[in-house]
Structure formats: C-alpha cells, structure tokens
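Take a look at the letters that make up each chain.
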Amino acid sequence: MTPLRVAVMGCADIAARRVLPAIARSDQVELVAVASRDAAKAEATARPYGCRPVHGYRRLLEDPEVEAVYLPLPCALHADWVEASLLAGKHVLAEKPLTPEPERTAALFALAHERGLALMENIMFLHHPLHATVSGLVAQGFIGEPRSFRAEFTVPRRPAGDIRYQSALGGGALLDTGVYPLRAAIQLLGAELTTVAATLVRGPGFEVDTGGAAVLRTPEGVIVQLAFGLDHGYRSAYELAGTHGRISVDQAFTPPADHEPVLRLEQRSGTEERRSPAHDQVASTLAAFARAAAAGRSPDAHLSMRLAALLHDVREHAGGPS
C-alpha cells in the first residue's frame, strides 16, 4: 500500500513527543508537512523530520500533496478544524475527544461519510492487544458474569499556563483524562451505558475541573466507577470483577512501546499474572488510520458518538465543576 501522505496541524506536546516519531518510523504513513500559527515553531518542529513547515492551518489544507491531517489542537478547536479539513477533502485523525458535543460529533461523521473520507478519534490504547485479551478472557467465562468495573486515570499537575487548564481551549480533567476510563468502559462493557451520578472538582486557583468521578451502569446492572484528574499522583488502571473472579490491569492507557503490561487474573483457585508482549500502540493507531483512509470509512464512528454523549451526560449530572 502506498504510504498515506499526512500533515500535522499544530505542534502540541503529544504530537512532538509520540506521534511525529511514530510517523517517521512508519511505512504506512508519510510525514509531508507540519503547520503552526507560529512560523518559527513550524520550522523547528519540521526540521528533524525533513518535511515542509507551513505557516498557518488554512495554507496546509490548500496543499494538494496532503492527503490526511493529524490534528492535535486543543479540544475547543477540534470541531471547526476537523470540518475544514473534511471540506478540503482530507482524511482526519483528531485527538480525543473529537468533540464533547453529541450533535456536532454526529454531524462531523456524517460529513466524512458523505465525502467518502475517514474520520478517526485518536484514542491510542484501543489499539493495544492487551484489551482484546481482557475481552477474550471475559467472553470465555474466566471471571463469570461481570458485576462491576472500576477505572482510573490521573496525572500530576502540569506547568502553569498548560492548555489543559484553560477553559477557553476546552481544558479540564473530564475531557483530558476522563475520556480514557470512560472509553475503556464502552470498549469492555458495550455502548449502552447510562450515567447514574457524577461530580467534578475545581482545585484552588484553577478555572477548569481538575478532578472528578462518575458512576454509570449497563442495562444488565453492571456498576461502573470511574475517576480522573489533572492534579494527582499518576494512576492508569482498571479492574473488571465478576461472579467468579476479577481481572486487573496496570499501565492500562499510556504504556511505552517497550513496556510489557501485566494482567492479573484472580479466581477461586488462586491468582495468576500474565505478562503481555510489548506493543507500540501509537504505530498501531497510525496503521489503523491508514487502513481507514484507504477504505474511505470512519472506524467505530458510533462508539465515538456514544463517547461524546456520555461526556455530555457526565457533565450534566455533575452540574459543572465545583
């Protein structure tokens, strides 16, 4: 397959630290340009990869060489620039969440479908085989019937001025770290979750929610407990308990490419630890995006739309950060 010619719209930390190096290593995508509103920043980011710097996002979309756009902009800018990219005929890989608005998210997927383009939400842990292993163990009855799910993703405080703490840019713990446990619940328990209760907390001196928790349930009565935060000790884990045992996973959401995750399986007969092979989930995400672009279809659009609906529901139940 001819490599998909990708340009990066914005020089966010996630792009520079993880995605740009992965694109450079890939034989399925090719980096052709990096755009920024700051010409010097575009030049500095593009130089190590030998690609073209572009001053301004509109100029990037006018480039006929660009087939697809990776969009790591702040959340508040996603909808407008995803729409502009699709209207320019580009496939789009956008950072999570695609948007926190169910109607706008659905409209963007409808536009992509109408134009035969791929639109994909970048939630990289979904492309790690560890989670398929967990689903397989549950399906085989290793823990009996699921009864509860707990997931947590919290990270330490970032420097002052970080975009995650800016309300105008769509910052806050729910949209930054809350996406991970919520999307894990959808992946492992299905999309028909309903929100029972939620709370969001704004730490002193912050203008956005810096932590929160939510309780949801499945139609079958499985209880889902989620926690997330931006001013906490690091935690990235989930646990699925059933009538006969439980499965727990650490380093669930952002494992390095060389990390071998450990899955802990507890049953009546004892506890077993299974080490999974190291896997580069960033490379797998890019490969999935290249396949989606070749097919001209958006993978898991219905799950991204459900995620947007649940993010909205969690915020509504919480009544905004307190």
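Further up the page is the structure itself.
A few points on the structure. (Residues numbered from 1 in each chain as written. Predicted model: local features only at pLDDT ≥ 70, side-chain atom pairs only at ≥ 80, totals over all residues. Heavy atoms only, no water.)

A separate point is the side chain of Ser284. Checked against the element boundaries, Ser284 lands in helix α9 (residues 281-295). Under the relative-accessibility criterion, Ser284 is labelled buried at 19%. A polar contact of 2.6 Å, which involves the side chain of Ser284, links it to the side chain of His279. Excluding residues that lie within four positions of it along the chain, Ser284 makes contacts with His127 and His279. (Helix = DSSP H or I, 4+ residues; strand = E, 2+ residues; numbered from the N terminus. Buried < 20%, exposed > 50% of the residue type's maximum accessible area, 1.4 Å probe, protein only. Polar contact = N/O pair within 3.5 Å; in protein donor to acceptor, adjacent residues only side chain to side chain. Contact = heavy atoms within 4.5 Å.)

Time to look at the pairing of strand β11 (residues 235-242). Counting buried residues in β11 gives seven out of eight residues, a clear majority hidden from the surface. Alignment of strand β7 (residues 146-154) against β11, held across eight bridges, turns out to be antiparallel. In the strand pairing of β11, Ala151 is matched with Tyr238. Note: β11 against strand β12 (residues 245-250), five bridges, orientation antiparallel. Bridge assignment links Ala237 to a residue of β12, and that residue is Asp250. Hairpin connection of β11 to β12: two residues between the antiparallel strands. (Pairing = 2+ DSSP bridges.)

What follows covers the sheet that holds β7. Pairing in this open sheet of eight strands is mixed, and the strands run β8-β9-β10-β7-β11-β12-β13-β14 from one edge to the other. Unpaired on one side and paired on the other, β8 (194-201) and β14 (270-275) mark the two borders of the sheet. If you compare each strand with its neighbour and ignore which way they point, the axes differ by 10° on average. Its contacts with the sheet place helix α10 (residues 301-318) against β8 and β9 (211-217), and it is angled at close to 60° to β8. (Axes fitted to C-alpha atoms, helices over the stretch in contact; angles between N-to-C directions.)

One finds Phe149 and Tyr238 to be the most contacted residues of the largest nonpolar core, which totals 51 residues. No other element matches the eight residues that helix α8 (residues 179-189) contributes to this core. In terms of nonpolar packing, the next biggest core, distinct from the first, is built from 28 residues, Ala7, Leu61, Val82 and Leu119 among them. (Core = buried A, V, L, I, M, F, W, Y, C linked by side-chain atoms within 4.5 Å.)

Any space left empty among the atoms is revealed by the rolling of a water-sized probe across them. For the largest pocket, the calculated volume is near 1100 Å³. Around the largest pocket sit 44 residues that line it, and Ala12, Asp13, Ile14, Ile163 and Arg164 are the ones nearest its centre. Mapped onto the lining of the largest pocket, the elements with two or more residues apiece are α1 (13-25), α4 (75-87) and α7 (173-176). For the lining of the largest pocket, the leading source of residues is α1, giving four residues. For the lining of the largest pocket, the residue count by class is 22 nonpolar, 10 polar and 12 charged. (1 Å grid on protein atoms, 1.4 Å probe; cavity = no way out; pocket = protein on both sides within 12 Å on 5 of 7 lines; lining within 4 Å. Points joined across faces, edges and corners; volume = space filled by probe spheres on them. Nonpolar A, V, L, I, M, F, W, Y, C, P; charged D, E, K, R; others polar.)

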